[in-house]
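Now for the letters of each chain:
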Amino acid sequence: MKLNIEHNTHYTYAQQVQRSTQYLRLTPQNSQHQRIISWQLTLPEDAVCTTDAFGNVLHVLTLDHPHQAITIQANGVVEIEDGVEDQVMGHLSPLVFLRHSPLTQPDSAIQAFALRYYQPQAVLEGLENLMGELLLKMPYTPGSTSVTDSAAQAFATGTGVCQDHTHVFLACCRSLNIPARYVSGYLYSEDSTHVATHAWAEAWVDERWHSFDVTNNTRLPNQHLKLAVGIDYLDACPVRGMRLGGGCENMQTMAEVQMMPTGQ
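Note that this is a predicted model, so its numbers are computed, not measured.

## Structural notes on the domain arrangement of the protein
And then number 1: According to the domain assignment, the protein consists of domain 1 (1–80 + 237–257) and domain 2 (92–230).
And then number 2: Computed from C-alpha atoms alone, the centre-to-centre distance between domain 1 and domain 2 is 24 Å.
And then number 3: Taken together, the 20 residues of domain 1 in the interface contact 18 residues of domain 2.
And then number 4: Both sides of the domain 1 and domain 2 interface together cover about 1,600 Å² of buried area, and 70% of this is carbon and sulfur.
And then number 5: Where domain 1 touches domain 2, the interface holds zero salt bridges.
And then number 6: Along the contact surface separating domain 1 from domain 2 lie five residue pairs in polar contact (both at pLDDT 80 or more).
And then number 7: Contributions of two or more residues to the side of domain 1 that touches domain 2 are made by strand 1 (2–24), strand 2 (34–42), strand 5 (67–80) and strand 11 (249–259).
And then number 8: Its residues assigned to classes, the side of domain 1 that touches domain 2 comprises 13 nonpolar, five polar and two charged.

## Quick notes on helix 1 (residues 108–117)
And then number 1: Among the residues making up helix 1, those that are buried are Ile110, Phe113, Ala114 and Tyr117. The buried side chains of helix 1 occupy one side of the element, clustering within an arc of 100° when seen end-on. Across helix 1 from its buried face, at more than 90 degrees, point the exposed residues Ser108, Leu115 and Arg116.
And then number 2: Looking at the buried positions of helix 1, the neighbouring elements they touch are helix 2 (123–137), helix 3 (151–157) and helix 4 (162–175).

## Thoughts on the packing of aromatic side chains
And then number 1: Going through the model one piece at a time under the given rule, you end up with nine aromatic pairs.
And then number 2: Ring centres of tyrosine 11 and tyrosine 13 lie 6.3 Å apart, and the angle between their planes is 0°; on these two criteria the pair is classed as stacked. For the pair tyrosine 11 and tyrosine 13, one class covers both residues: buried.
And then number 3: Among the aromatic side chains, those forming a connected cluster through ring pairs are Phe54, Phe97, Trp204 and Trp209.

## Some thoughts on the sheet that holds strand 7 (residues 197–205)
And then number 1: An order of 8-7-6-9 is seen for the four strands of this open sheet, with the pairing classed as antiparallel. In this open sheet, the two strands that pair with only one neighbour each are strand 8 (208–212) and strand 9 (224–230). Neighbour-to-neighbour, the strand axes of this sheet turn through a mean angle of 35°, independent of strand direction.
And then number 2: Note: strand 6 (residues 180–187) against strand 7, seven bridges, orientation antiparallel. What sits directly across from glycine 185, in strand 7, is histidine 198.
And then number 3: Where helix 2 meets the sheet, it contacts strand 7 and strand 8, and its direction lies at approximately 20° from that of strand 8.

## Some words on the packing of helix 2 against helix 4
And then number 1: Between helix 2 and helix 4, whose axes approach to 11 Å, the crossing angle comes to 140°. Relative to helix 4, helix 2 is oriented oblique. Both helix 2 and helix 4 take part in a crossing whose hand is right-handed. Contacts from Leu127, Leu130, Met131, Leu134 and Leu135 in helix 2 reach His165, Val168, Phe169, Cys172 and Cys173 in helix 4.
And then number 2: For the contact of helix 2 with helix 4, the residue count by class is nine nonpolar, one polar and no charged.

## A look at the nonpolar core
Across soluble globular proteins, nonpolar side chains have a tendency to be buried as a group.
And then number 1: Counting residues in each nonpolar core, the largest one holds 55 residues, and the members touching the most others are Ile5, Trp39, Leu127, Leu134, Val168, Phe169 and Tyr186.
And then number 2: When residues in this core are grouped by element, the largest group, seven residues, is from helix 4.
And then number 3: For this core, the two domains that each supply at least three residues are domain 1 (1–80 + 237–257) and domain 2 (92–230).
And then number 4: Look past the residues within four positions of tryptophan 39 in its chain and what remains in contact with it is Ile5, Leu26, Thr27, Pro28, Ala74, Asn75, Gly76, Val77, Val78, Tyr186 and Leu225.
And then number 5: Of all hydrophobic cores here, the second largest spans eight residues; its members include Val183, Trp200, Val229 and Ile231.

## Details of the pattern of salt bridges
And then number 1: Counted by the stated rule, this structure contains six salt bridges.
And then number 2: Arginine 219 serves as the salt-bridge partner of glutamate 128, at 3.4 Å between the closest nitrogen and oxygen. Of this pair, glutamate 128 sits in helix 2 while arginine 219 sits in the loop between strand 8 and strand 9; the two residues are 91 residues apart in sequence, bridging distant segments of the chain.
And then number 3: On the basis of relative accessible area, glutamate 128 is assigned to the partly exposed category, the value being 37%.
And then number 4: When its relative accessible area of 22% is taken as the criterion, arginine 219 is described as partly exposed.

## A word on unusual backbone geometry
If a residue is not glycine, its phi is most likely negative; likewise, a peptide bond is most likely trans.
And then number 1: One non-glycine residue with positive phi stands out, namely asparagine 177, at about 65°.
And then number 2: Within the secondary structure layout, asparagine 177 lies in the loop between helix 4 and strand 6.
And then number 3: In the Ramachandran plot, asparagine 217 falls in the positive-phi region, its phi being about 50° despite a non-glycine side chain.
And then number 4: Positionally, asparagine 217 belongs in the loop between strand 8 and strand 9.
And then number 5: Take asparagine 217: its relative accessible area is 41%, and that puts it in the partly exposed class.

The rules behind each value
Residues numbered from 1 in each chain as written. Predicted model: local features only at pLDDT ≥ 70, side-chain atom pairs only at ≥ 80, totals over all residues. Heavy atoms only, no water. Domains from an automatic or database assignment. Contact = heavy atoms within 4.5 Å. Buried area = accessible area lost by both parts, 1.4 Å probe. Salt bridge = Lys/Arg side-chain N within 4 Å of Asp/Glu carboxyl O. Polar contact = N/O pair within 3.5 Å; in protein donor to acceptor, adjacent residues only side chain to side chain. Helix = DSSP H or I, 4+ residues; strand = E, 2+ residues; numbered from the N terminus. Nonpolar A, V, L, I, M, F, W, Y, C, P; charged D, E, K, R; others polar. Buried < 20%, exposed > 50% of the residue type's maximum accessible area, 1.4 Å probe, protein only. Arc of directions from axis to C-beta. Phe/Tyr/Trp six-rings, centres within 6.5 Å; stacked < 30°, edge-to-face > 60°. Pairing = 2+ DSSP bridges. Axes fitted to C-alpha atoms, helices over the stretch in contact; angles between N-to-C directions. Parallel < 35°, antiparallel > 145°, perpendicular 65-115°, else oblique. Left-handed = near helix turned anticlockwise from the far one by under 90°. Core = buried A, V, L, I, M, F, W, Y, C linked by side-chain atoms within 4.5 Å.

Have a look at this one:
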């Protein structure tokens, strides 16, 4: 499957921003699962390109002059290999992904939920059952949570979006001593109302990474394009920044993922 991706993010501010820095994890990498045919970032100024601690491609965009708007564009074409999961290890041990963070710290309710579905002799089967039950317990409900809500808060609310589903799943895995990491990226869907930016989890079982997309209740990443991985959302989100001044902020984002016709 060949996918064409268009992702635009536009910030406007009530007042002038004196200076700002944006951390952009908007560049996918080649792997067994995905082949980058073309990819381009269009930014207001040149950015410094580096690699972060998790092996993600990171662009650091610094605007050290007054401004009242920022537009960030990413677009490209990527070929997805069906039935093949990404096994890129980076330089970190999977044990790093046992660490809890404020967004993924399990409380007693999450720990009890995880234990209910844990199967020591069939770990993958148990996690798959946990994934399905988690979606039933937390139906996909846009607008019911915010990006600052923790796994425990979202689990108590009983609703959420892909970020919340992923955080709770990570909290469950880590409470069971199973390394698990947050994945950000894009999702192709024939449903035009579906949000194209997406988040899912990968769990380390039997010496390899396995995908778990709670929101879609699937372990098959055949329509998924990976951008970045991390301990939680803050490590892997496509755009994250800080600024001095500006007052109130308005962010508009549009992401579109289209399947290209065979032969193109």
